[in-house]
Amino acid sequence: MKAEVFIAGGGVGGLALAAKLASRGVHVIIAEQLKKESPAYKGELLQPKTLAILERLGVLDEIEANGHALDELRFQEVHRRKGQPPEEINLTELSYSRVAASYDHSLMVPHEKTKEILRNKGKEYEEYFHYLPGARFIGFENGRAKVKQKRETLYIQAGVYIGAEGRSSPTRDAMNVEVNRKDYNHHFLTVTIPRPESFTKGKIITTSSCFLGLFPLPDREVRTVFLIKAGDYKKIKEQGLEHLYQAYSELEPELAEGVRAIKDWKTVQLMIPFTYHVDKYYSGNLAIMGDAAHTVHPMAGEGMNLAIQDADVLGELLAWCWEEGRSYADHLHYYEEVRRPRVEFLLNLSHMSALVYSFRNEWWRRFRMKAVQRIYDDDYLHVKQMLNISGLGKWNFTFIDRGIQGSVLPVRKKKVSDKEQHRFLFSEAEDYPWKRSKKGR
């Protein structure tokens, strides 16, 4: 089998890349080892930059129709009271509308629905889009991709090979990259439960020792993320589901009924957060993307978004190489030059967000509460935080920013203008620099 581009892995990143390439007339083969939907939890939060990419792919309307929009993020600090409703002590609301862009919200979409929409988009270009379900990529043999599908071994020759396999990546192994993993002192329990129709806002509820993230999905469901100490999963299971019911009810009474829809621990998934970032994204005509190249702490909701944003830059570069008759190997450095610093920035942002909720004591909670409130009170902090997590741009925090957030310096009264923000939004030239580069001509 032959193709211009071979992609190992048919997750959202691989599918977004394949759909973009096929729409440009580039022959692509995708090997996806799964034959049916995965029951495992995957990312569901689509950030504004990702929505912009999906619009250019021509699927945003369908994605929006199958999603639940979140225009703000709520951070609620409470005192948990046994058998009683919680006592709210602080509520901070951060809004995507503070970003000077037309994409003023994020979107919660069931992961498998996003995959289905992207896969169907690729199939519209059936002459160029070749999807192999139940096909496991094993590695390389004589310069070709080796794939097992049922009992047959397939060898695929391509101009460039892309690893989008996720955390276990034969493509990454073939590139001999370094992976330095960082673990955390906490794990998460995640499960989707019914929600009242009136429960429409994303919310993070915290005490000095509890964390419950709530992110509404369509069809009156809500994705819940409950923080536990690393290693406590077995002990919590032994306490029974009633322990989980009580915790949810005492933190968010509106979900007291919905949480009882959990009838078996098998529906509750243990999520173990860790991070890594490889030392190189490409080697010769091999490149990796998404979780094969980087894994981010889930606190800021960036994982799936980074994969789709990788796909956008990489897809645009590969399509340009094919259209211009350029060598893939000679130009893959542009992909790393664009994506690596952006990913590093968001990895650090997510890591800092994780640290905010990693320590279980009252004095840290008081510091956290003030720091989060300061983000709202100071418009520069508000804009920078929402702009950065949106993916639409990058605006570094300064020592003055951190001094204000830490209550060392007073809050600024000045509002950030749209004109000032525009300097920090990513331009097309920054996303695709090879198009204007002398080296690329």
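See above for the structure.
Residues numbered from 1 in each chain as written. Predicted model: local features only at pLDDT ≥ 70, side-chain atom pairs only at ≥ 80, totals over all residues. Heavy atoms only, no water.

Asks: I'd like a rundown of the side chain of Glu 112, residues and numbers included.
Replies: With respect to the helices and strands, the residue Glu 112 is situated in helix H4 (residues 111–123). Look past the residues within four positions of Glu 112 in its chain and what remains in contact with it is Glu 37 and Ser 38. (Helix = DSSP H or I, 4+ residues; strand = E, 2+ residues; numbered from the N terminus. Contact = heavy atoms within 4.5 Å.)

Asks: Pulling in residues and values, what's your account of the sheet that holds strand E3 (residues 45–46)?
Replies: Here we have three strands laid out as an open sheet, ordered E3-E7-E4, and antiparallel in their pairing. Pairing within the sheet leaves two strands with one partner each, and these edge strands are E3 and strand E4 (68–70). Bridge count between E4 and strand E7 (residues 106–108): three bridges; the pairing is antiparallel. Its bridge partner lying in E7, His 68 is registered against Met 108. (Pairing = 2+ DSSP bridges.)

Asks: Can you lay out the packing of aromatic side chains for me, pointing to particular residues and giving the numbers?
Replies: For the structure on display, the rule yields 18 aromatic pairs. Centre to centre, the rings of Trp 395 and Phe 424 are 4.1 Å apart; their planes meet at 10°, and the pair counts as stacked. With Trp 395 in the loop between helix H12 (379–390) and helix H13 (399–405) and Phe 424 in the loop between helix H14 (418–422) and helix H15 (428–431), this residue pair connects regions lying 29 residues apart in the sequence. A connected cluster of aromatic rings, assembled from ring pairs, spans Phe 6, Phe 137, Phe 140 and Tyr 161. Over the ring of Phe 274 we find Arg 181, and its NZ or CZ is 3.6 Å from the ring centre. (Phe/Tyr/Trp six-rings, centres within 6.5 Å; stacked < 30°, edge-to-face > 60°. Lys NZ or Arg CZ within 6 Å of the ring centre and 35° of its normal.)

Asks: For the sheet that holds strand E16 (residues 221–229), give the residues involved together with the corresponding values.
Replies: The strand order E6-E5-E14-E15-E16-E13-E17 describes an open sheet built from seven strands, whose pairing is mixed. Taken across any chain shown, the strands that pair with only one partner, and hence form the sheet edges, are strand E6 (87–95) and strand E17 (269–271). For this sheet, the mean inter-axis angle between neighbouring strands, taken without regard to orientation, is 20°. Here strand E5 (residues 72–79) pairs with strand E14 (residues 202–206) via five bridges, running parallel. For Leu 73, the partnering residue across the bridge sits in E14 and is Gly 202. (Axes fitted to C-alpha atoms, helices over the stretch in contact; angles between N-to-C directions.)

Asks: Would you mind going over the pairing of E14 in detail, with residue names and values included?
Replies: Judged by how many residues are buried, E14 sits mostly within the fold: five of five residues are covered. Residues Gly 202, Ile 204 and Thr 206 of E14 are buried on one face, and the alternating residues Lys 203 and Ile 205, pointing to the opposite face, are buried as well. When E14 meets strand E15 (residues 211–217), the two strands line up antiparallel, connected through four bridges. Considered in E15, the bridge of Ile 204 is made with Gly 213. The antiparallel pairing of E14 with E15 creates a hairpin that spans four residues between the two strands. (Buried < 20%, exposed > 50% of the residue type's maximum accessible area, 1.4 Å probe, protein only.)

Asks: Can you tell me about the environment of Ala 164, naming the residues and giving the values?
Replies: As for its position among the elements, Ala 164 is in the loop between strand E11 (152–163) and helix H5 (170–175). When its relative accessible area of 15% is taken as the criterion, Ala 164 is described as buried. Considered as a pair, Ala 164 and Gly 10 are 154 residues apart in the sequence and their alpha carbons are 7.3 Å apart. Beyond its immediate sequence surroundings of up to four residues, Ala 164 is in contact with Ile 7, Ala 8, Gly 9, Gly 14 and Met 289.

Asks: Go over unusual backbone geometry with me, naming the residues and quoting the values.
Replies: Not every positive phi belongs to a glycine, and Asn 142 is a case in point at roughly 55°. For Asn 142, the location among the structural elements is in the loop between strand E9 (135–141) and strand E10 (144–149). Residue class for Asn 142 comes out exposed when judged on its relative accessible area of 67%. Backbone geometry at Arg 220 places phi at a positive 55°, although glycine is not the residue there. Structurally, the position occupied by Arg 220 is in the loop between E15 and E16.

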